[in-house]
Amino acid sequence: MQIQPILAALRKHKIPAFLIVLEIALACAVLCNAVFMIGQRIAEIHLPNAIDENGISVIGVQGVNPDTANADIARDLAALRQIPGVSAVAALNMYPLGNSGWNSDVSTSPAEGLNKDSPNVAEYMFTQGGPETLGLRLLQGRLFTDAEYADSKLGANYMPSTHVVIVTQSLAQRLWPDANALGKQIWVGKENGYTVVGVIADVLRPSQNGGGIAHFHWSMFLPVSPAAGIQVYLVRSTPQDRERIIRDGVTKLEALSPWVVVDGKTFTDVRDKFFANTRSMVWMLALVCVVMLAVTAFGIVGLTSFWVGQRRRQIGIRRAVGATRAHIMQYFQTENFLLSTAGVAIGMLLAFSINLYLMQHYQMTRMPWYYLPASAIALWLLGQFAVLGPARRAANVPPVVATRSV
Amino acid sequence: MFAYYLDLALRSFRRNRVLTTLMVLALALGIGASITTLTVLKLLSGDPLPQKSARIFAPEIDPLTAASTTPAEKLWRDWGNLMTYTDAMNLLHARKGVRQSVMMLTRAKVTPQEAGQHPFYSDGVAATADFFAMFDASFQYGGGWSANDDESRAHVTVIAGFLNDKLFGGQNSVGQMLRVNDKDYRIIGVLKRWAPQPRFYSTSLGGRGYGNGDAVFLPLQSAFADKMNPQNVNCFDTGFDIAQLDTAPCAWLSLWVELASAADAGAYKTFLSNYVAQQIALGRMHHPDVDLPDLMGYLAQQQVVPDDARLQVNLAFGFLLICVVNTVGLLLAKCLRRSREIGVRRALGASRGAIFAQFMIEAGMVGVAGGVLGLIFAELGLWAIRHQPAEYAKLAHLDMAMFFATFVVALIASLIAGLLPAWRACVVAPAPQLKAS
């Protein structure tokens, strides 16, 4: 296929050609960034969370009398444990993706103190049975002993009196990038120091807490005995038993202390609610992408059809002097390919600048380079697909048209 | 002439039904998306107190320890106008504003009077006396409490209209008792519907940014004496007892001040600086930075509007731009196809201006049709948003201004799209076109 005659013809139709290039460039730029945003959000939804998400139910209790909380919580846990099908129960101060939680800036020695780069860490505290209920995956070291739970009392500053802690892999990596975390210390302020006895696979925080995805796995786990404030009950069972156990559990707890407000839900619901906004943004972005590509495709069809109609005579002459249908098809396909190439070249540049702009004004990271060629290929294909109809119509122009004067 | 051009445009549409439908549809989709996202953004970045927001200020100070290296701007972005009990009370009692109120949010357990009904949790505010007057919360029945009630820890409460409807069937409940967090409070006022959007006073206190108003309002000192916990506590030093929040190195109260005019802000800021300087001299504080943003400035600083909402507006307008370019292309194709008709009209005496006007009117009609259809798409889009889980979702409705904006945007978009084709049409030379036929 010779490109020279196509370029010569395009030079005669500068404005329509320019419009197609512009449309493809804009579509390419928007597509790149929208797909990148979709990818980021899907990655966020699929962040690893090494707990038994499908087996955990959350039963929250509010309005516990602080004076009798210790005994009440122990009694509630015993009641929940008796429900058939329950394999483990624990009381926690908060739970992953629960959207409200306790956090502290921490340091690795009391002397070091805090500065603005100190990591902000989610402080999970649980009573005996916590690791089994959550289904934590131990990678290194050990879990807590019975005595460590029993001896640990929640202090007036809401930190437990224990001296041991389990950290997630990501937090260990952040605090001691080059060393083994076991035996190292984490300090919350100058009074509460904890020695790392175990490292577990990453567990998500209750919320991103303003730190973004990078901080989403910075959690530590502390043993504590029942106390006011440690009053979210987690119950583990098989997935199909969850609904029944929640129903029974709520009834039991309400009967035990009629003045409290009990609220039960499965962890699956917790996850759905937490990511609901993110998911709807993904759908909205995807919808915009699809509609935008459709509009672009129709634009190409419209302009190319117009231009096929204008050149019926020329096509007829070409057919009369020996061009096959395939030649005519190829002509329009190549022409579209050239326009698309110009379009995606400008589009990729535009996409990159939009990404830079978004990085400046929003919490957005740099777009990986492969998004650019990927959306370029998508628009090339779209262009070829859109031009197929008009090109086929052009190929069907009979040679006899050349002999007519109109 | 106008009527004649309208008629010509209609004839042209009828001749190219598919092309016309495509043009209108694309434009309508772009406009629908833009108006939907703009409506949401307008809702999210609205002024919660339009009459007086320029006179409402959020004093910000830096209570962190001497060792802290956190820049004050970063602290304020995270904490807003949160303060320790001591600072909040000192500034409140200085009474340097026309009105001032210190507040916290708390989960309020409400126990219905009838036996057998379960207690439930609702959003509670514990605030000092000026809260209602300063924030334009007006009463359906009764009124608020006085500064004396607050200091004497009176067990009085104001409830929201919707809670009054729920508990007392909308009757005047002033004088009735309400059990809040297992303590009895006497109802002295019932609010009319009050739910400023954004909930500017709530974000730094650990509350939602948008959505329903709060249900139960209590005097701050009474709630504090009854050991109700604030929703958000930020401690910045060690060695404290969380049960003694009034002396703990923790920020958990926010202060808002109403000044007589925006011009008084300078004087208040000086007062604030002097206060901090005095506290530094006493050794209580260590950082001299202060700030006094007004309400809208404060909302901007707190970045209340979610990034996603602004991104969606950008995306929608990007999409609209693509639709406009698309319309330019299709209009151009249409009008170049009619070169011969233009040639005839020119030969019969139509001026270039007349041709230009004819094609602009045709473009404008595409715009009006796109606007009407866009309005339908926008209503559909807003309907979809109302079914989203976001806390502001229920509030997404098209208002009068956005209704007209739809047509303005549609008309402007289509006229811009029509410029190039109309110009190409009016420079068509009549002679060659006539010769060809």
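Calculation rules
Residues numbered from 1 in each chain as written. Chains lettered and ligands numbered in written order. Predicted model: local features only at pLDDT ≥ 70, side-chain atom pairs only at ≥ 80, totals over all residues. Heavy atoms only, no water. Axes fitted to C-alpha atoms, helices over the stretch in contact; angles between N-to-C directions. Helix = DSSP H or I, 4+ residues; strand = E, 2+ residues; numbered from the N terminus. Parallel < 35°, antiparallel > 145°, perpendicular 65-115°, else oblique. Left-handed = near helix turned anticlockwise from the far one by under 90°. Contact = heavy atoms within 4.5 Å. Nonpolar A, V, L, I, M, F, W, Y, C, P; charged D, E, K, R; others polar. Core = buried A, V, L, I, M, F, W, Y, C linked by side-chain atoms within 4.5 Å. Buried < 20%, exposed > 50% of the residue type's maximum accessible area, 1.4 Å probe, protein only. Domains from an automatic or database assignment. Buried area = accessible area lost by both parts, 1.4 Å probe.

### Some remarks on the packing of helix H10 (residues 312-320) of chain A against helix H11 (residues 325-361) of chain A
All names here are of chain A.
Next, step 1: Where H10 meets H11, the axes come as close as 10 Å, and the angle between the chain directions of the two elements is 140°. Taken together, H10 and H11 sit at an angle that is classed as oblique. By crossing handedness, the relation of H10 to H11 is classed as right-handed. Across the interface between the two elements, Ile315, Arg318 and Arg319 from H10 touch Arg325, His327, Ile328, Tyr331 and Phe332 from H11.
Next, step 2: Split by residue class, the contact of H10 with H11 holds four nonpolar, one polar and three charged.

### Remarks on the nonpolar core
Next, step 1: Counting 139 residues, the largest nonpolar core has Phe332 of chain A together with Phe131, Phe135, Tyr201, Phe217 and Trp256 of chain B as its most contacted members.
Next, step 2: If we ignore the near neighbours within four places in the chain, the residues touching Phe332 of chain A are Thr304, Trp307, Val308, Arg311, Ile315, Val387, Ala391 and Ala394 of chain A.
Next, step 3: By size, the runner-up hydrophobic cluster in this structure holds 74 residues, among which are Met94, Tyr124, Val203 and Val250 of chain A.

### Here we look at the environment of Ile159 of chain B
Next, step 1: For Ile159 of chain B, the position within the fold is in strand S7 (residues 156-159).
Next, step 2: Overall, Ile159 of chain B belongs to the buried group, its relative accessible area being 0%.

### Some points on the domain arrangement of chain B
Residue and element names in this part refer to chain B.
Next, step 1: Looking at chain B, the domain boundaries give domain 1 (2-45 + 306-436) and domain 2 (53-301).
Next, step 2: On a C-alpha basis, the centroid separation for the pair domain 1 and domain 2 is 50 Å.
Next, step 3: Taken together, the contact between domain 1 and domain 2 spans seven residues of the former and seven residues of the latter.
Next, step 4: Summing the contributions of domain 1 and of domain 2, the shared interface buries around 530 Å²; its carbon and sulfur component is 61%.

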